[in-house]
Amino acid sequence: MKFLKRCIAGTVGIFAMALTLWFWLAQPQSNPDRYILSAGDVITLDENHASGNAVYVEDGIIRAVGDFDALQGAFDVPTYGEGTGIVLPGLIEPHTHPIASAMLGATVNISASTHSDRSSVMTTLRDAADGVMLTPWFVAWGWDPVAVEGMHPPTLAELDAISPDKPMLILTQMLHEAFANSAALTAAGLPLSHGAALHELEEVNKVVAQIPPATDPVVEFLLRRQYQAYASAGFTEIGIAGAVGRHPDPVNLLQRVGNRAQAPVGTHLYLLDDQVTDETDLGAEVNFKVPGVKFWLDGSPFTGGAATAEPYSNSTLVRQQLGLSHNHSAEVLMDENGFYKQALPYHRDGRQIAVHVQGEEAVELALNVFERLQNDAPQPGLRHRLEHNALITSDQLERARDLGVTTGFFVDHITWYGHQLDALFGLERAARYMPLGWAAEYGLTFTLHGDHPATPLDPFQTMETAVTRRGPNGQVVGSEQALTPEQALRAMTLNAAVQLGVEDRLGSISVGKQANFTIVDANPLAVSVDNISDIQVLQTIRNGQIADTRAIAEFTPKMAWRILMSML
Ligand SMILES: [Zn+2]
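The structure presented is a predicted model; accordingly, all values stated were derived computationally and were not measured.

1. Let's talk about the packing of aromatic side chains
Here is step 1: Scanning all chains against the criterion turns up 10 aromatic pairs.
Here is step 2: For the ring pair Phe302 and Tyr417, a centre distance of 4.1 Å and an interplane angle of 25 degrees mean the geometry is stacked. Highlighted residues: Phe302 in the loop between strand 14 (288-296) and helix 10 (316-321) and Tyr417 in helix 14 (residues 412-417), separated in sequence by 115 residues.
Here is step 3: Relative accessible area serves as the criterion here: at 4%, Phe302 is assigned to the buried category.
Here is step 4: Taking the relative accessible area as the measure of exposure, Tyr417 reaches 2% and is therefore buried.
Here is step 5: Every member of this aromatic cluster is reached through a ring pair, and the members are Phe295, Phe339 and Tyr346.
Here is step 6: Arg372 extends its terminal NZ or CZ atom over the ring of Tyr340, reaching a point 4.1 Å from the ring centre.

2. Here's the deal with the layout of surface pockets
Here is step 1: In this structure, the second largest pocket encloses a volume near 550 Å³.
Here is step 2: For the second largest pocket, the lining is made up of 26 residues, of which Arg260, Gln262, Ala263, Asp548 and Ala553 are closest to its centre.
Here is step 3: Among the residues making up the lining of the second largest pocket, the classes are represented as 11 nonpolar, 7 polar and 8 charged.

3. Things to note about the packing of helix 12 (residues 360-376) against helix 13 (residues 394-402)
Here is step 1: Packing of helix 12 against helix 13 brings their axes to within 11 Å, and their N-to-C directions diverge by 25 degrees. Compared by their axis directions, helix 12 and helix 13 come out roughly parallel. The hand of the helix 12/helix 13 crossing is left-handed. Across the interface between the two elements, Glu360, Val363, Glu364, Leu367, Asn368 and Glu371 from helix 12 touch Gln396, Arg399 and Ala400 from helix 13.

About the criteria used
Residues numbered from 1 in each chain as written. Predicted model: local features only at pLDDT ≥ 70, side-chain atom pairs only at ≥ 80, totals over all residues. Heavy atoms only, no water. Phe/Tyr/Trp six-rings, centres within 6.5 Å; stacked < 30°, edge-to-face > 60°. Helix = DSSP H or I, 4+ residues; strand = E, 2+ residues; numbered from the N terminus. Buried < 20%, exposed > 50% of the residue type's maximum accessible area, 1.4 Å probe, protein only. Lys NZ or Arg CZ within 6 Å of the ring centre and 35° of its normal. 1 Å grid on protein atoms, 1.4 Å probe; cavity = no way out; pocket = protein on both sides within 12 Å on 5 of 7 lines; lining within 4 Å. Points joined across faces, edges and corners; volume = space filled by probe spheres on them. Nonpolar A, V, L, I, M, F, W, Y, C, P; charged D, E, K, R; others polar. Axes fitted to C-alpha atoms, helices over the stretch in contact; angles between N-to-C directions. Parallel < 35°, antiparallel > 145°, perpendicular 65-115°, else oblique. Left-handed = near helix turned anticlockwise from the far one by under 90°. Contact = heavy atoms within 4.5 Å.

Shown next as C-alpha cells:
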C-alpha cells in the first residue's frame, strides 16, 4: 500500500514537473508595449522618406522613425535590439498554399532543391523506405524531370524493389503526374500492366484518394508549424491563392490556425468559387482577411499546361521528357463569356479576383474579362490580380496597368528552370519570361512570389533571382528584365500590400502602420547582388511582437491531447 502511494505520488510529481517545465518553456518572448527598436539601419520604403537607425513602437504601431539618440531623448521607454541588424518592412508573400505545403512537407523530399541527379533521388527513396511516415503509405514528392537532368521515369520493378509491400506513390514537383508501385496500383484498382507512370491527373487523384488521410489535429498541427515556417523565412503576411489542400474543410482549418491573436503571420485568403457563402466574412481583421476569389485559366508551363499564343518548342525536353505532341499548345480552361459570368457577381460585391495565367492566351482572356467588368460595373478602387504571368507580353502589361490590375510574378521559375526555358519556348520567349523589367518600366503594381510548395520558401533567393535573372547553371535569362534590389524589395513589401489591398496599414516602415519588421543580417540594397540569397533572417516582428517560431509554442498540452486522441 505504502509502495503504491509512493508510486502515485511519484507519477503526479513527474507530471506536475513536466507541466511546469512546459509552462516555463512555452512562454513566448515578448516585447513591452512601448519600446525603441535599435538597428544598424532601417530601410523604410516610406513615401515621406523617413530614415534612421531606430523605430519607436507603441501598442504594435509604428509611432516614429529616426536617429536612435534622438528617439531615446524623446521617449522614455526600454530599448530593444543591439543596434546591429538591418530592419526591413515585414516581407509579404502574396501567393502561397500553406495546407499543401504542410502536407507535402511531411512526405519524403526528392525535389531539385536537394537533389542534382537521378541516383541521389533513388538513394533517398531507398533510405526512406523503412522510416516512419505520416500515413501507412510511402509518399515522396518532388520528382522533377525538367529541373534535374537524366530523370527517366522509374519502372514498376524499381519501385517494387524499394517498397515491396507498402503502397508507394511518388508525386512530381508540379503534382500533375505521379508514379505508383504495385501495392499502390492494386489499392486503386489499377492493373499492374498499367505500369508505374500515372500521366493523367485523374489517375493521380484516383491513387491519392486511397491514401488514408491524416487526422484533423495532425493536419492542424502541421499547418501551425507551416505558419511558423513562413515567419522563420521572414514573412509577416501571406496571401493564400485558393484554399486548397487535402482536408474536408480547408477554409475552417485556415480560419482556426490563421485567425489567432498570436498567429505568426497574417492571412489573406482567396477562396475557390464553390467556397464562397453569404456569410463569408469580408471584414478587415488584422489577422485574417478574405479579399476575394481565385480562378485558374491555364496550367503549369512545365507540364505543357500554359495556354501560349505560339506552340511549345519541339525540343527533346518537350517531346520526350514531357511526352508532349509535335507543336503542342494548351487551351485556356474557360471561355470568355463563361469566366465573365462567374466573375461578375464577385466584381459587383467589390471582391478581388485573382486568376492563374501563364501563357499569352490566358492573360488576354483575363484582361478582356477585367475590362468588360470595369465597363459594365465600374469599381474604381478594385484591383484584380494576374498570377504568375510567365509569358505576359509588353502590350498586355500596359493594358493591365491601365485597368488597375496588379501582376504577381513567379520569378523562381528562373531559379529552378531557367536552363530549360529555351528548350520549352525558344530564345525569344525565354528572354521575356517573367518580364519584371517591363513591369517596372511601365509603372505597374507588381509583386514576386514563390508559390510554395512549388518552390522552397526562400524570399532572399526570390529577390536575388529578380535582380540577377540567374538560372540553375548560372546562365542569365533575359538580362533586360532584371530589377534593381530596391525594386525587388518594394515588390515583396509595399507593392504586395497594395496588391492585397492593405497598403494603409502594411508594406513600409511608416508612422501609423503596423510594426511588422523583418530583421536581417545584411542590407539587401547594399550587398553584392550575387550575395542577396545568403542574407539570413535574424527575427520577424509582427504587430510589435516577435513571431514565435518554436515548436513548443504550438505543441500545447491541448494540442498534444487532441493528436493523441485522434490517433487512437
Ligand atoms: Zn499557386
